[in-house]
Amino acid sequence: MDAIVLRNVTKEFRKNTIRREYTTFKSEIVQFLKQPRASEMPASVISAVRDVTLIVPRGRTVGLVGRNGSGKSTLLKLVTGIYRPTSGTVEVNGRISALLELGAGFHPDFSGRENIIVNGIILGMSRREIRERMDEIVAFSELGDFIDEPVRTYSSGMYARLAFSVATHVDPDLLIIDEILSVGDEHFARKSTAKMDEFRRAGKTILLVTHDLGTLQARCDEAAWLDAGVLKAYGDPAFVVSEYRQAVAESEVQAETTPGRVETPSHPVGRQPRTGPPAETGRRWGTFEAEIVSVRLRGSDGVERAVFTAEDDFQANVEVAADASLVDLTVEVSFLSQDGTLLWRDSHPLVSGGAAVATLTLNRLGLADGNYRIDVAVFAEQGRVCCDFQKGLHGFAVRSALPSAGLLRPLHQWSVHAAPPVKASV
Amino acid sequence: MIRNFRELWQYRALLWNLTQRELKARYRGSALGFLWTFLNPLLLMAVYGLVFGVIRRSDIQHYTYFIFVGLLPWLWFSSSVGTGASAISDRRDLLTKVRFPAQVLPATVVATNLANYLLTLPLMIALGGAAGIWPSWHVVMFPVVLFVQLVFTIGITFLISALNVAFRDLQQIVVNFLTLWFFVTPVLYRPDDIPASFRRIFLIANPMSVIITSYQGIFYEHRLPHWRALTVVTLGSFLLLWLAARVFEKRREEFAELI
């Protein structure tokens, strides 16, 4: 049997409840006097989850990824039953324990022990179960004598530890976790992870939201990616994660720079300096006697793109329009890391005057994972006159599922040989 | 309604623990602690005793004891409704994070104040004893009246706590309305003191006056409650509870979204 079955689940929130927070008598009367149900016009509705169909078989660990506000938490609340779907069906088989927030129902003036009881009942344990597991819970939380002190005296780490201890001792069939495994110090984080592995081995179904893609790939059997309430991908974690990272990288590049190419307004290129630069101040300057019309980044297949892997071929096409009388034009391309460190700069002479496309080709990009910036410039008179400098207007990202850190990923090889003194047994 | 109360029964351990906790938390940290349970109604009684017993001399015998008999159940009712109004709307932390029956929250408020009432009963009896009034066999009716008031109080509290999620004005309105309600209920005076022309309407339209006069009958006048009036109030209370549970069920889906 499947643990969670979501069929065409859509959750909409009426916008006025978000904007004005509360209805008042007055608004309700006004509403009543106006056309009935005017508030249900489609314009005033926000869809947090749209037509999601998701089936989680029993015993699976499913990781949910997505950007902030993509509907992950809403989906968890739908599964938990805190929200009811606007349309579609939610079916959950088994006892569910949801860790959407640590310490639900904790009362600051009561001791840790007293809070374990109420919190445990809220999470669905019976009083007998709590009594039986009390010592175990206290031991797991590692609070020692603090367990009999009021919770308000706890540090936030202690608070989280206590709450996590209770929550994981509920013994659910289905555990729902919303980004809270990262509580506590290193030691406790490891313990929490071990606890989760224990759950997995015991054949429990786990649905968790995480932003730690490493955890997701290491611990989940399946991954689901939500974007703006829509289930974009579901399946093998490595695949879903790479899809997700690709999308994030693309939108980051888009946010950091203006889109892949800057089209300058078409106008005759003249000698006199123009009034005001055509693009953002501080990111573009020069005499504009020669202009960079566009910068296009392509892969080896010739398709324009913003995300590459370290092994990809890389091509930058810089299209320049210059006054025919200009001489000694050069085009310059700089690669910078996100923090502005210059990685490499190179320039190349252009055919003098007129329109031209300069293409810079790198066989194998060789950069490590990260976001990169490209500054492009056109100079005249052997670099003495800056005609058009575009700073930070272009960029790309490198995403590869390879274990490298830093900025570079040079072409390299690893080889392992047995050390000489080893007694060969083959 | 049945589902509503079945869930409440399933979560009785939570209800019990939350009630315990509320009782303990109420005066935790104060020097007199639990004594305030007794001091609060005593002081309130002293105020009314001063105004209506000394300044506007009431002709009711053993006036302070008389006040106490009606004031204690009234406080149970008014505190339940007054704090119960925001019982759900104030618990965003719980309702948006955990799945559990929301009716536990208003029920906890009613239960806490009931416990408070029961705890102050010995004080009331002692006060009557000091005046030479001891409970008679009529107290057999006390559990019945108590039960009727419980049904009525839960009904009102459920209704208001559920509606207050969407209409926050309600909790303000309720507080003010309760003051009026207190003075039109014969707690500080006897029904005979109401001008005859509207005595009937005062007593018929206000279930609390039937309930309060029933307590006064049992503990002060040593008579049984008026059967007919009490039966009508009982039926009415159940009707109210049924209606309240329906409204509650209809609205509970929006609780998590609106608070």
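Residues numbered from 1 in each chain as written. Chains lettered and ligands numbered in written order. Predicted model: local features only at pLDDT ≥ 70, side-chain atom pairs only at ≥ 80, totals over all residues. Heavy atoms only, no water.

### Observations concerning the side chain of Gln149(B)
Residue and element names in this part refer to chain B.
Then comes step 1: As for its placement among the helices and strands, glutamine 149 is situated in helix 7 (residues 142–166).
Then comes step 2: Judged by its relative accessible area of 0%, glutamine 149 falls in the buried class.
Then comes step 3: For glutamine 149, the side chain forms a polar contact with the side chain of tyrosine 215, separated by 2.7 Å.
Then comes step 4: Not counting chain neighbours up to four residues away, the residues in contact with glutamine 149 comprise Pro73, Trp76, Phe77, Met208, Ile211 and Tyr215. (Helix = DSSP H or I, 4+ residues; strand = E, 2+ residues; numbered from the N terminus. Buried < 20%, exposed > 50% of the residue type's maximum accessible area, 1.4 Å probe, protein only. Polar contact = N/O pair within 3.5 Å; in protein donor to acceptor, adjacent residues only side chain to side chain. Contact = heavy atoms within 4.5 Å.)

### Brief notes about the side chain of Thr168(A)
Residue and element names in this part refer to chain A.
Then comes step 1: Mapped onto the elements of the fold, threonine 168 is located in helix 6 (residues 156–168).
Then comes step 2: Within the structure, threonine 168 has its side chain in polar contact with the backbone oxygen of phenylalanine 164 (distance 2.9 Å).
Then comes step 3: Polar contacts involving the side chain of threonine 168 include one to the main-chain carbonyl oxygen of serine 165, which spans 3.3 Å.
Then comes step 4: Leave out the neighbours within four places in its chain, and threonine 168 touches Phe140, Lys195 and Phe199.

### A word on the packing of helix 4 (residues 63–84) of chain B against helix 7 of chain B
Residues and elements named next belong to chain B.
Then comes step 1: Two numbers describe how helix 4 lies on helix 7: the axes approach to 8 Å, and their chain directions differ by 20 degrees. With respect to helix 7, the element helix 4 is oriented roughly parallel. You can see that helix 4 and helix 7 cross each other, and the crossing is right-handed. Between helix 4 and helix 7, the contacting residues are Pro73, Trp76, Phe77, Ser80, Val81 and Gly84 on the first element and Leu146, Gln149, Leu150, Phe152, Thr153, Ile156, Thr157, Ile160 and Ser161 on the second.
Then comes step 2: Of the residues contributing to the contact of helix 4 with helix 7, the split by class is 9 nonpolar, 6 polar and no charged. (Axes fitted to C-alpha atoms, helices over the stretch in contact; angles between N-to-C directions. Parallel < 35°, antiparallel > 145°, perpendicular 65-115°, else oblique. Left-handed = near helix turned anticlockwise from the far one by under 90°. Nonpolar A, V, L, I, M, F, W, Y, C, P; charged D, E, K, R; others polar.)

### Points about the packing of aromatic side chains
Then comes step 1: The final tally for this structure, using the stated rule, is 36 aromatic pairs over all chains.
Then comes step 2: Ring geometry for Trp74(B) and Phe77(B): centres 5.4 Å apart, planes at 55 degrees, overall tilted. Here Trp74(B) and its partner Phe77(B) are both found in helix 4, 3 residues apart, which amounts to about one turn of the helix. Taken individually, Trp74(B) and Phe77(B) each receive the classification buried, so the pair is uniform in this respect.
Then comes step 3: Cluster of aromatic residues (ring-pair linked, three or more members): Tyr48(B), Phe52(B), Trp74(B), Phe77(B), Phe152(B), Phe177(B), Trp181(B), Phe182(B) and Phe183(B).
Then comes step 4: The positively charged end of Lys191(A) is found above the aromatic ring belonging to Phe140(A), 4.4 Å away from the centroid. (Phe/Tyr/Trp six-rings, centres within 6.5 Å; stacked < 30°, edge-to-face > 60°. Lys NZ or Arg CZ within 6 Å of the ring centre and 35° of its normal.)

### Some thoughts on the confidence of the model for chain A
All names here are of chain A.
Then comes step 1: Chain-level statistics for chain A give a pLDDT mean of 80 and a share of 84% at 70 or above.
Then comes step 2: Considering only residues more than four positions removed or in separate chains, one finds that residues 36–42, a stretch of pLDDT under 50, has 5 contacts.
Then comes step 3: In the model, residues 258–280 has pLDDT below 50 throughout and makes 51 contacts with residues more than four positions away in sequence or in other chains. (pLDDT = per-residue confidence, 0-100.)

### Quick notes on the sheet that holds strand 13 (residues 314–322) of chain A
Pairing between the strands of a sheet is mediated by backbone hydrogen bonds and can be parallel or antiparallel.
All names here are of chain A.
Then comes step 1: Spatial strand order, 11-13-16: 3 strands in an open sheet with antiparallel pairing. The sheet terminates laterally at strand 11 (290–298) and strand 16 (354–362), the two strands that pair on one side only. Mean inter-strand twist for the sheet, computed between neighbouring axes without regard to direction, equals 15 degrees.
Then comes step 2: The sheet contact formed by strand 11 and strand 13 spans 8 bridges and is antiparallel. Bridge pairing in strand 13 links glutamate 291 to alanine 321. (Pairing = 2+ DSSP bridges.)

### Let's talk about a nonpolar patch on the surface
All names here are of chain B.
Then comes step 1: Taken together, the side chains of Met1, Phe147, Phe238, Leu239, Trp242 and Leu243 present a nonpolar region at the surface, about 580 Å² in accessible area.
Then comes step 2: It is helix 11 (residues 227–258) that provides the largest number of residues to the nonpolar patch, a total of 4 residues.
Then comes step 3: Position of phenylalanine 147 among the secondary structure elements: in helix 7.
Then comes step 4: The exposure class assigned to phenylalanine 147 is partly exposed, which follows from its relative accessible area of 44%. (Patch = residues over 30% accessible without salt bridge, like charges linked within 9 Å, V, L, I, M, F, W, Y side chains within 5 Å. Areas by Shrake-Rupley, 256 points an atom, 1.4 Å probe, with all protein chains shown as cover. Salt bridge = Lys/Arg side-chain N within 4 Å of Asp/Glu carboxyl O.)

### Considering the pattern of salt bridges
Then comes step 1: Evaluated as defined, the whole model comprises 31 salt bridges over all chains.
Then comes step 2: For Lys191(A), the salt bridge identified is with Glu142(A), shortest N-O distance 2.6 Å. Of this pair, Lys191(A) sits in helix 7 (residues 186–201) while Glu142(A) sits in the loop between helix 5 (127–141) and helix 6; the two residues are 49 residues apart in sequence, bridging distant segments of the chain.
Then comes step 3: The exposure class of Lys191(A) is partly exposed, given its relative accessible area of 21%.
Then comes step 4: Judged by its relative accessible area of 35%, Glu142(A) falls in the partly exposed class.
Then comes step 5: Residues joined by salt bridges that share partners form a network here, namely Arg3(B), Glu7(B), Glu249(B) and Arg252(B).

### Observations concerning the interface of chain B and chain A
Then comes step 1: The interface is formed by 28 residues belonging to chain B together with 31 residues belonging to chain A.
Then comes step 2: Summing the contributions of chain B and of chain A, the shared interface buries around 2,800 Å²; its carbon and sulfur component is 60%.
Then comes step 3: As a salt-bridge pair, Glu114(A) and Lys24(B) come within 3.4 Å of each other at their nearest N and O atoms.
Then comes step 4: Counting every contact that joins chain B to chain A gives 5 residue pairs in polar contact (both at pLDDT 80 or more).
Then comes step 5: Residue assignment for the side of chain B that touches chain A shows that the elements contributing at least two residues are helix 2 (12–26), helix 5 (92–95), helix 8 (169–184) and helix 11 of chain B.
Then comes step 6: Looking at which element gives the most residues to the side of chain B that touches chain A, the answer is helix 2 of chain B, with 8 residues. (Buried area = accessible area lost by both parts, 1.4 Å probe.)

### Observations regarding the sheet that holds strand 2 (residues 45–57) of chain A
All names here are of chain A.
Then comes step 1: Strand order in the open sheet formed by 3 strands is 2-1-4, and the pairing between neighbours is antiparallel. Two strands close off the open sheet at either side, each with one partner strand: strand 2 and strand 4 (87–92). Here the strands of the sheet are splayed against their neighbours by 20 degrees on average, with no regard to which way each runs.
Then comes step 2: Looking at chain direction, strand 1 (residues 2–14) and strand 2 are connected through 9 bridges and run antiparallel. Bridge pairing in strand 2 links valine 9 to valine 52.

### A short note on the domain arrangement of chain A
Residue and element names in this part refer to chain A.
Then comes step 1: According to the domain assignment, chain A consists of domain 1 (4–16 + 25–250) and domain 2 (260–398).
Then comes step 2: Contact residues are listed per partner, giving 4 residues for domain 1 and 4 residues for domain 2.
Then comes step 3: Regarding the contact of domain 1 and domain 2, the summed buried area is about 270 Å², with carbon and sulfur atoms giving 64% of it.
Then comes step 4: A per-residue breakdown of the area domain 1 buries against domain 2 is headed by Gln246, Ala249 and Glu250, which together make up 84% of the total.
Then comes step 5: Here domain 1 and domain 2 share 1 salt bridge between them.
Then comes step 6: Arginine 245 serves as the salt-bridge partner of aspartate 369, at 3.7 Å between the closest nitrogen and oxygen.
Then comes step 7: The interface formed by domain 1 and domain 2 contains 0 residue pairs in polar contact (both at pLDDT 80 or more).
Then comes step 8: Looking at side-chain class alone, the side of domain 1 that touches domain 2 contains 1 nonpolar, 1 polar and 2 charged residues. (Domains from an automatic or database assignment.)

### Observations concerning unusual backbone geometry
Residues and elements named next belong to chain A.
Then comes step 1: A positive phi angle is found at aspartate 171, which is not glycine, with a value near 60 degrees.
Then comes step 2: Here aspartate 171 lies in the loop between helix 6 and strand 6 (174–178).
Then comes step 3: Here the phi dihedral of arginine 364 falls at roughly 75 degrees; this positive angle occurs in a residue that is not glycine.
Then comes step 4: Position of arginine 364 relative to the elements: it lies in the loop between strand 16 and strand 17 (370–380).
Then comes step 5: Arginine 364 sits in the buried class, given a relative accessible area of 17%.

### Considering the confidence of the model for chain B
Residues and elements named next belong to chain B.
Then comes step 1: Per-residue confidence for chain B averages 90 on the pLDDT scale, and 100% of its residues sit at or above 70.
Then comes step 2: Between the elements of chain B, mean pLDDT differs from a low of 82, seen in helix 5, to a high of 95, seen in helix 7.
Then comes step 3: For this predicted complex, the interface score ipTM comes out at 0.78, while the overall pTM is 0.72.

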